[in-house]
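Fold and contact review
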Amino acid sequence: MTADVIDGKAFSESLKQDVAKQVAILKEKYNLIPGLAVVLVGENPASQIYVRNKNKSTLAAGMKSFEHRLTPDVSEAELVGLVHKLNDDPAVHGILVQLPLPKHINEAAVIDAISPAKDVDGFHVINSGLLATGGKGMVPCTPLGCIMMLKNRLGNMSGLDAVVVGRSNIVGKPMAQLLLNENCTVTIAHSRTRNLSGVVKRADIVIAAVGVPELVKGDWIKDGAIVIDVGINRIEEEDGKTKLVGDVEYAAAARHAAAITPVPGGVGPMTIALLLKNTVTAACRQTNVAEPEI
């Protein structure tokens, strides 16, 4: 068996096009232009690239982009003050504070300062609680992208066994909730799970989001399973060069899985596309406009 490759890049481009179409409709019918504010603290090279890509994608979709760059020595009070100003700005429908933040700033305090209605990352404790209890909140972008790719591949997932390897608040826990919402039977595993290989082997769906390079071995994958690899790890090869790998042993897993996401080019591209989708959703909810189907 050779797995089908789930092309996250192609999926995300299609999604961005759908977002742009809906933004054009919102402009024409309601004079509503969704606005996304991104706050970058410091000069982390990876964060700078990510923020630049977000800004480019936001503008390409016909949305407003508000970029705020702060020095690495900015105080927590100043950062929270900026967040409060963005909360009060009616042109801003979504707020994203790029993580990680400098060590002198409490990330949880900053996230808590964001209005839950504008929390397009879906990290606020209120949005986490709404997801856990079946309410209508903002859903974290990466898990939402994963569930969209799964539904596109499988359609009805009711009754399937799903294993999420990873228990973070950003991916693992919300991913499990989304799978439960699809009536999957869900197991949350992690790096300390006993007999992890046996747990993974019974799964129809494997979501790897633990941050350990190639932790999930290829022969752990049940024949015909769907594998979504969220991990992005940089490792050094024997010749001194570095390469990106996921949390799954890709080549070996592809011999067993029915479909698998590559790294890079799988889940990663979906995150920005879902950020745009969440901003449109937030704009519609804040202005009492019917949410478009995207």
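The structure this text deals with has already been given above.
Note that the structure is a prediction, hence the values are computed from the model and not measured.

1. What to know about helix α7 (residues 172-181)
Residues of α7 that are buried include every one of Gly172, Pro174, Met175, Ala176, Leu178 and Leu179, and no others. Buried-residue contacts for α7 involve α5 (125-132), α6 (141-154), β5 (161-165), β6 (185-189) and β7 (205-208).

2. Looking at the pattern of salt bridges
Taken as a whole and judged by the stated rule, the model has seven salt bridges. Across the pair Arg153 and Asp4 runs a salt bridge, and its minimum N-O distance is 2.8 Å. Here Asp4 lies in strand β1 (residues 4-5) and Arg153 lies in helix α6, a separation of 149 residues in the sequence. Residue classification places Arg153 among the partly exposed positions, given a relative accessible area of 37%. Asp4 gets classed as partly exposed once you look at its relative accessible area, which sits at 38%. As a salt-bridge pair, Glu67 and Arg69 come within 2.5 Å of each other at their nearest N and O atoms. Among the residues examined, Glu67 registers a relative accessible area of 32% and is labelled partly exposed. You can call Arg69 partly exposed: its relative accessible area is 44%. Here the salt bridges share partners, and the residues they tie into one network are Lys136, Arg285 and Glu291.

Rules used in this analysis
- Residues numbered from 1 in each chain as written.
- Predicted model: local features only at pLDDT ≥ 70, side-chain atom pairs only at ≥ 80, totals over all residues.
- Heavy atoms only, no water.
- Buried < 20%, exposed > 50% of the residue type's maximum accessible area, 1.4 Å probe, protein only.
- Helix = DSSP H or I, 4+ residues; strand = E, 2+ residues; numbered from the N terminus.
- Contact = heavy atoms within 4.5 Å.
- Salt bridge = Lys/Arg side-chain N within 4 Å of Asp/Glu carboxyl O.

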